[in-house]
Amino acid sequence: MARRYWLFKSEPDVFGWDHLRSCPDQTTHWDGVRNYQARNLLRDEIQEGDLGFFYHSRTTPPHIVGTVEVTRAGYPDPTQFDPKAKYFDPKSNPEAPRWYVVDVRAAKLLPRVVSLEELKQEQALSSMMVVQKGARLSVQPVTAREWEIVIQMAGMSTIAE
DNA sequence: GCCAACGTTGGC
DNA sequence: GCCAACGTTGGC
């Protein structure tokens, strides 16, 4: 299947790009997603080898900072079963896990970060999910065309990726 | 820090 | 199964 593209949101104070870079192998499981629409993407759609933007939310200005590669497709989020974990979900059970994660590895730091404002001003990105008002989904699909446009805005050539 | 937008919960 | 109340997200 063709590689697909995604956007992963995170608050830099909670888990930012530098946190990911400091993880072993610059890889982490993308845990804590507790929204069913995003869960469905993690569980059913996102595949190993897909690429994603790492987006910093709740900061000034909000921006895309880098890219990640998916290194493992969806599997149950271990934090949902851990009573001591922040994301413990007493209503989930291992027989039928409610929440999923994928593994992502830091790929490229953008030569230039791309702010939400810049994304909004780019006509060709007017239907990109992240620029829509009230778009709170923390894992979002990105089209190949949107990916290419943002990559170029970030000062990366398509060929260099 | 505010608050609009959105998602979820639970009483009925 | 509706919908008011509540909690969270995230731009500003």
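Before reading on, note that the structure itself is shown above.
Right, let's walk through the structure included here.

Parameters at a glance
- Residues numbered from 1 in each chain as written.
- Chains lettered and ligands numbered in written order.
- Predicted model: local features only at pLDDT ≥ 70, side-chain atom pairs only at ≥ 80, totals over all residues.
- Heavy atoms only, no water.
- Helix = DSSP H or I, 4+ residues; strand = E, 2+ residues; numbered from the N terminus.
- Rg over C-alpha atoms; globule rule 2.2 N^0.38 Å.
- Buried < 20%, exposed > 50% of the residue type's maximum accessible area, 1.4 Å probe, protein only.
- Contact = heavy atoms within 4.5 Å.
- Lys, Arg positive; Asp, Glu negative; His and termini not counted.
- Charge placed at Lys NZ, Arg CZ, Asp CG, Glu CD.
- Near = heavy atom within 4 Å.
- Polar contact = N/O pair within 3.5 Å; in protein donor to acceptor, adjacent residues only side chain to side chain.
- Nonpolar A, V, L, I, M, F, W, Y, C, P; charged D, E, K, R; others polar.

### What about the overall build of chain A?
At step 1: Along chain A, the regular secondary structure elements total five helices and six strands.
At step 2: For 161 residues, the compact-globule formula gives about 15 Å, and the C-alpha radius of gyration of chain A, at 16 Å, lands near that figure.
At step 3: Along the first, second and third principal axes, the C-alpha set of chain A runs to 45 × 30 × 30 Å.
At step 4: Each of the 161 residues in chain A was classed as buried or not, and the buried ones make up 45%.
At step 5: Within chain A, residue pairs in contact and separated by at least 24 positions form 73% of the contacts whose partners lie at least 6 positions apart.
At step 6: With 20 positive and 21 negative side-chain charges, chain A shows a separation of 5 Å between the mean positions of the two kinds.

### Thoughts on the protein's contact with DNA strand C
At step 1: The immediate surroundings of DNA strand C are formed by Lys9, Tyr55, Ser57, Arg58, Pro62, Leu116, Lys120 and Arg136.
At step 2: Within 4 Å of the protein, the contacting atoms of DNA strand C are 57% sugar and phosphate, with bases supplying the remainder.
At step 3: Note that a phosphate oxygen of DNA strand C is positioned 2.9 Å from one of the side-chain N or O atoms of lysine 9.
At step 4: Here a phosphate oxygen of DNA strand C sits 2.5 Å away from a polar atom, N or O, in the main chain of arginine 136.
At step 5: Taken together, the residues of the surface near DNA strand C break down into three nonpolar, one polar and four charged.

### A word on the protein's contact with DNA strand B
At step 1: Every residue lining DNA strand B is accounted for by Asn35, Tyr36, Lys91, Lys133, Gly134 and Arg136.
At step 2: Among the atoms of DNA strand B lying within 4 Å of the protein, the sugar-phosphate backbone contributes 72%.
At step 3: A distance of 3.0 Å separates a phosphate oxygen of DNA strand B from a polar atom in the side chain of lysine 133.
At step 4: A distance of 2.7 Å is found between a base oxygen of DNA strand B and a side-chain nitrogen or oxygen belonging to arginine 136.
At step 5: Residue composition of the surface near DNA strand B, grouped by class: one nonpolar, two polar and three charged.

Treat this as a map of the structure, not an account of what it does.
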